[in-house]
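Structural overview for review
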Amino acid sequence: MMHLFRRISMWLTPYKYDNIPEEALQPRKKLAVNWASVRHGQLGVELSTHAGPLNDQLVLEKLSSADYDHGLYHHDRGLHQVAIYFPKNAGVRYHFRSNKNRKKLRPMLYPKAYKSFDRTHVIPLGFHGSENDRRLVVGWNSQLNRGPMNKFEGEVKRINQSVEILWYVSIHLETDGTAVWQSKVWDASGSLRKDASWHDNSQFVWR
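The structure contained in this document is the topic of the report that follows.

Rules behind the numbers
- Residues numbered from 1 in each chain as written.
- Predicted model: local features only at pLDDT ≥ 70, side-chain atom pairs only at ≥ 80, totals over all residues.
- Heavy atoms only, no water.
- Phe/Tyr/Trp six-rings, centres within 6.5 Å; stacked < 30°, edge-to-face > 60°.
- Helix = DSSP H or I, 4+ residues; strand = E, 2+ residues; numbered from the N terminus.
- Buried < 20%, exposed > 50% of the residue type's maximum accessible area, 1.4 Å probe, protein only.
- Polar contact = N/O pair within 3.5 Å; in protein donor to acceptor, adjacent residues only side chain to side chain.
- Pairing = 2+ DSSP bridges.
- Right-handed = clockwise from strand over helix to strand, strands pointing away.
- Salt bridge = Lys/Arg side-chain N within 4 Å of Asp/Glu carboxyl O.
- Contact = heavy atoms within 4.5 Å.
- Axes fitted to C-alpha atoms, helices over the stretch in contact; angles between N-to-C directions.

**Focus on the packing of aromatic side chains**
A full pass over the atoms with the stated rule returns 10 aromatic pairs. On the basis of an interplanar angle of 55 degrees and a centroid distance of 4.8 Å, the ring pair of Phe86 and Phe127 is categorised as tilted. Taken together, the positions of Phe86 in strand β3 (residues 79-86) and Phe127 in helix α5 (residues 125-128) put the pair 41 residues apart, joining distant regions of the chain. Classification of Phe86 by relative accessible area gives buried; the value is 0%. With a relative accessible area of 0%, Phe127 lands in the buried category. One aromatic cluster is present, formed by Phe86, Phe127, Phe152, Trp167 and Trp198 through successive ring pairs.

**Let's talk about the side chain of Asp187**
In this fold, Asp187 is placed in strand β8 (residues 179-187). According to the relative accessible area criterion, Asp187 is buried, its value standing at 8%. Polar side-chain contacts of Asp187 include one of 2.6 Å to the side chain of Ser189. Polar contacts involving the side chain of Asp187 include one to the side chain of Arg193, which spans 2.9 Å.

**Side note on the pairing of strand β9 (residues 192-200)**
It is a general feature of regular strands that their side chains alternate between the two faces of the sheet. Bridging between β8 and β9 involves 8 bridges; their strand directions are antiparallel. Within β9, the residue paired with Trp181 across the bridge is Trp198. Counting the residues that bridge the hairpin from β8 to β9 gives 4 residues, and of these Gly190 lies at a positive phi of roughly 90 degrees.

**Overview of the pairing of strand β2 (residues 70-75)**
Taken across its 6 residues, β2 has 5 buried, putting it largely inside the fold. For the crossover that starts at strand β1 (residues 46-49), traverses helix α3 (residues 56-62) and ends in the parallel β2, the hand is right-handed. Linking β2 to β3, which pair antiparallel, is a turn of 3 residues.

**Section: the pattern of salt bridges**
Going through the model one piece at a time under the given rule, you end up with 6 salt bridges. Here Arg135 makes a salt bridge to Asp133, at a shortest N to O gap of 2.8 Å. Given a relative accessible area of 21%, Arg135 falls into the partly exposed group. A relative accessible area of 15% places Asp133 in the buried class.

**Section: the environment of Ser48**
Here Ser48 shows up in strand β1. Sequence spacing of Ser48 and Ala83 is 35 residues, and the spatial spacing of their C-alpha atoms is 9.8 Å. Those residues in contact with Ser48, other than ones at most four positions away along the chain, are Gly71, Leu72 and Tyr73.

**What about the sheet that holds strand β7 (residues 165-173)?**
Within a sheet, each strand pairs with its neighbour through backbone hydrogen bonds, oriented either parallel or antiparallel. In spatial order, the strands read β1-β2-β3-β7-β8-β9; together these 6 strands make up an open sheet with mixed pairing. The two strands at the open ends of the sheet, each matched to only one other strand, are β1 and β9. The average angle at which neighbouring strand axes cross in this sheet is 15 degrees, direction not considered. In terms of strand pairing, β2 meets β3 through 6 bridges, oriented antiparallel. Residue pairing for β3: His70 is matched across the bridge by Tyr85.

Right under this line is the structure:
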């Protein structure tokens, strides 16, 4: 059965799929991962770099036919964006943590040195297993990371226990040098299940 995300895309762009063969509309596949090697740095998701900025419609269209644990990534002088489609209960697959690996990371964006910050996972570690992938770990306000953002992540994990999810994070640099983090989560029916944003009012290094 055609996935609802593709049906949404077909409604928005009705002629886009006219010539797609039936075999292209197959159920999603799971990413083959050597679980033991994740401990040694293998990433448990597959990210494709997107040349231009992402947005809600583009993410839904591009990932409408993607396999599980596949997603999109974009970074430029003012945006850092990640979107990944996950199977049910994906957030509990990875448990190995390494403060050493995380501390070695030089994030692409972080508050300036006079502000304390956490090396914060764009999407929680349990979904992908990486402590030091610069696409998935950035510098962010410690209080936000350990407070409302942590609560949000717990709520998303509970949703994901029973449904597949598409998780999209967009962090953008404001004109005053601060940054805003927006996180959106859709389920497989295309319904927006969670949507929140947090403003880190530190001055940011962005590279």
